[in-house]
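Read off the chains here:
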Amino acid sequence: MPLNLIVCVKQVPDWEAPADTFKIDPERNKVIPPPNIDPRISLFDEHAIEAALQLREKHGGKVTIVSLGPDFAQRAVKQAVAMGADEGILLKDPAFEDSDTYATAYILAEAIKKIGAFDLILCGRQAADWDVGQVGVGVAELLEIPCVSIAQKIEVSDGRVMVERLVEGGYDVMEVALPALITVSNEVNKPRYPTLRGIMAAGKKQIPTWDAAALGIDPAHIGANAAHARVLKLYVPVHEAHCEFLDGDTDEEKGEKLALRLREAKLI
Amino acid sequence: MVAEVSDGKLAGIAQELLGAGRRLADALGEELAAAVLGSQVGDSGTEAIAYGSDKAYVIDDPLLASPQPDAYAAALEHLCRDVQPSILLLGKTSLGIEVGPRLAFRLQTALGSDCTDLRIDADSKRLIMTRPVFGGNAMLEMACADCFPQMASVRGKTQAPLPRDETRQGEIVNRPSGIDASVVRAKFISRNKKAVEGITLTGAPIVISGGRGLKGADNFKPLKELGDLLGAAVGASKAAVDEGWVPPEMQVGLTGVTVTPNLYIAVGISGAAQHIAGMGYSKNIVAINRDPDAAIFQRAHFGVVGDWQKVIPAFTRKCKELLEK
């Protein structure tokens, strides 16, 4: 049975950027994007795209990407298309800005309703910026479909999905009927790189943009004013660096000194 | 607070949440109740009181026997609509990760994910939640707008439990779950625990972790040998797991296990915020890395700049010698 797959992706600051490029605007409680480092698709979302592509390769069907964000989020959609996704949609409206978890899930759920028929929605387990991990599960709640989170393996057969869900010290096997939503962890696969052909195709691909009006969303239900959560303070924690380095002429000597020092400190 | 029960006993995270809950309830002058959910929960209700609760709602239902988030979310929704708590605490466990957001969406409130600190604002009496964001690069303080319950999922090993006190008085209220089998749409089939060699990471007094600098699966062997010698558990960074050198359950970090051992030894680990999020609260941190500028040294108490392949064998030999004395 061909599968109609939807993947929700988010564009975030590069999580592998050096820590000293990370800056905050304390007045506005916002992160200042590092000037020379491009944002990229959130870590776990790349795995979600790969999971969708693998399911399409096995079962046939279609992969549609949905991303909520400003203009630069179009790059995330294009990158997913370059990896092999069929279609992409950008959800953009000034009214969407500063939406909290609930409003974000609501906008995504309304967009998915507008897309229409789907079998499986895939999301990353959490975004690599705010590390909240609620939007995926929330979309399932709003669409009233079953959900399994933190998947490390997904197998579809006869309208049902078997999912290995990561738990402490192992995994649970869970079973759901389609349509459903699954959030994936990085253990699920290794995301592919876009091919040159994919990049060419993505360049030409039209990415439609839907705003609040196109989705029939009342702006009163989204954005900063509708937020259930309030940001009070964002700050970079200060750690006093007082590392005691063990010196020696050779690495072996340093290793021995470390053992003696830890013994002295009664740590071993 | 939501008290998870494991094998008929109050889970460790439940004891920590009871400690945190007690402190918040005292700051507010309110009552602390434990929602003890599970099947065949034994004396977990009385235990919750011994660990700090004034009241225990005991919800014992066969539908809660297996870790089905659907069933737990529905039972908690039922309870919350009925008792209307001002604050609801959950553990950031595999169950809590899914039950928390479901409940927050159904109750139309906000949930602070993965909180490491909780306090009551003296003026507004609101719950202030502190949580690491951007992979641990920053901390966020947040609160709920005018919505209830104010929900927080709490990272393990960040809240001190109270000492167990059998003489504490409290009320046990047995309640029906209010749910039936129709709420379970994601069905639990089986749990597969992988037998981890040696000592498990959570609760180990010493943890030795290897990272990208180990350059291969075989190179974890010397760490395991050292682990056996010191009575330590062996963990890994996300990079080592991503390379396929070790299984995911060995991952220490934001999306892996959180550990707070007395001694943490990071070998060939650069110290990405992702990793720090899982071990930054360790009491003593040792870093062994070739790069003197590696971020891990900013968090370490003891450091060795050098090639771990030379440092570790010498370190192991010396430890053996010292321990045999």
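Each remark here, short or long, concerns the structure printed above.
Residues numbered from 1 in each chain as written. Chains lettered and ligands numbered in written order. Predicted model: local features only at pLDDT ≥ 70, side-chain atom pairs only at ≥ 80, totals over all residues.

**Overview of the overall build of chain B**
Step number 1: On a plain count of helices and strands, chain B comes out with eight helices and 17 strands.
Step number 2: A compact globule built from 325 residues should have a C-alpha radius of gyration of about 20 Å, and chain B, at 22 Å, falls within 12% of that.
Step number 3: Judged by the C-alpha coordinates and their principal axes, chain B covers about 60 × 45 × 40 Å.
Step number 4: The proportion of buried residues among the 325 residues of chain B is 58%.
Step number 5: For chain B, the share of sequence-separated contacts (at least 6 apart) that also reach a separation of at least 24 residues comes to 64%. (Helix = DSSP H or I, 4+ residues; strand = E, 2+ residues; numbered from the N terminus. Rg over C-alpha atoms; globule rule 2.2 N^0.38 Å. Buried ≥ 20, exposed ≤ 12 C-beta atoms within 10 Å, placed from the backbone. Contact = placed C-beta atoms within 7 Å.)

**Considerations on the sheet that holds strand 11 (residues 170-177) of chain A**
Step number 1: In space, the 10 strands of this open sheet follow the order 13(A)-7(A)-6(A)-1(A)-8(A)-12(A)-9(A)-10(A)-11(A)-12(B), with mixed pairing throughout. Every interior strand has two partners, whereas the edge strands, strand 13 (209-210) of chain A together with strand 12 (187-193) of chain B, have only one.
Step number 2: Sitting on the sheet, helix 3 (residues 101-115) of chain A is in contact with strand 1 (3-9), strand 6 (61-68), strand 7 (87-91), strand 8 (120-124) and strand 13 of chain A, with an inclination near 145 degrees to strand 6 of chain A.
Step number 3: Docked against the sheet, helix 4 (residues 135-143) of chain A engages strand 1, strand 8, strand 9 (147-157) and strand 12 (180-184) of chain A, running at close to 175 degrees with respect to strand 12 of chain A. (Pairing = 2+ DSSP bridges. Axes fitted to C-alpha atoms, helices over the stretch in contact; angles between N-to-C directions.)

**As for the packing of helix 7 (residues 251-264) of chain A against helix 8 (residues 308-324) of chain B**
Step number 1: At a minimum axis separation of 7 Å, helix 7 of chain A and helix 8 of chain B run at an interaxial angle of 40 degrees. In terms of orientation, helix 7 of chain A and helix 8 of chain B fall into the oblique class. Crossing of helix 7 of chain A against helix 8 of chain B: the hand is right-handed. From helix 7 of chain A, A:Asp251, A:Glu252, A:Lys254, A:Gly255, A:Glu256, A:Leu258, A:Ala259, A:Leu260 and A:Arg263 reach across to helix 8 of chain B, where they touch B:Lys310, B:Val311, B:Ile312, B:Ala314, B:Phe315, B:Lys318, B:Cys319 and B:Leu322.
Step number 2: The class makeup of the residues in the contact of helix 7 of chain A with helix 8 of chain B is nine nonpolar, one polar and seven charged. (Parallel < 35°, antiparallel > 145°, perpendicular 65-115°, else oblique. Left-handed = near helix turned anticlockwise from the far one by under 90°. Nonpolar A, V, L, I, M, F, W, Y, C, P; charged D, E, K, R; others polar.)

**Quick word on unusual backbone geometry**
Step number 1: With an omega dihedral of -5 degrees, the bond running from A:Leu178 to A:Pro179 counts as a cis peptide bond.
Step number 2: Mapping A:Pro179 onto the fold places it in the loop between strand 11 and strand 12.
Step number 3: In this chain, B:Phe148 is followed by B:Pro149 through a cis amide linkage whose omega measures -10 degrees.
Step number 4: Structurally, B:Pro149 is set in the loop between strand 9 (138-144) and strand 10 (150-154).
Step number 5: A positive phi angle, close to 45 degrees, is found at A:Ile150, a residue other than glycine.
Step number 6: Looking at the element boundaries, A:Ile150 is found in strand 9.
Step number 7: A count of 26 C-beta atoms within 10 Å places A:Ile150 in the buried class.

**Quick look at the sheet that holds strand 3 (residues 33-38) of chain B**
All names here are of chain B.
Step number 1: One open sheet accounts for five strands, arranged 2-1-3-4-11; its pairing is mixed. Edge positions in the sheet fall to strand 2 (9-10) and strand 11 (171-174), since each has one partner strand and no second.
Step number 2: Note: strand 1 (residues 2-6) against strand 3, three bridges, orientation parallel. In the sheet register, Val 2 faces strand 3, and the bridge partner there is Ala 35.
Step number 3: This element, helix 3 (residues 69-83), spans strand 1, strand 3 and strand 4 (55-60) of the sheet and lies at about 145 degrees to strand 3.

**Some thoughts on the nonpolar core**
Step number 1: By size, the foremost hydrophobic cluster in this structure holds 144 residues, and its most contacted members are A:Val7, A:Ala80, A:Leu108, A:Leu122, A:Ile182, B:Ala35 and B:Val36.
Step number 2: Per-element accounting of this core gives the leading share, nine residues, to helix 3 of chain A.
Step number 3: Excluding residues that lie within four positions of it along the chain, A:Ala80 makes contacts with A:Val7, A:Val9, A:Ile41, A:Ile49, A:Ile65, A:Ala85 and A:Gly88.
Step number 4: Residues A:Ile268, B:Leu230, B:Val234 and B:Leu263 belong to the second largest nonpolar core, which totals 57 residues. (Core = buried A, V, L, I, M, F, W, Y, C linked by C-beta atoms within 7 Å.)

**Some details on helix 3 of chain A**
Residue and element names in this part refer to chain A.
Step number 1: Along its 15 residues, helix 3 runs 21 Å from first to last C-alpha, staying within 8% of the 21 Å computed at 1.5 Å per residue.
Step number 2: In terms of residue burial, helix 3 counts as a mostly covered element, since 12 of its 15 residues are buried.
Step number 3: Buried within helix 3 we find Thr 101, Tyr 102, Ala 103, Thr 104, Ala 105, Tyr 106, Ile 107, Leu 108, Ala 109, Glu 110, Ala 111 and Ile 112.
Step number 4: Just downstream of helix 3 lies Gly 116, where phi reads positive at about 105 degrees. (Expected span 1.5 Å × (residues − 1).)

Keep in mind these values describe shape, not function.
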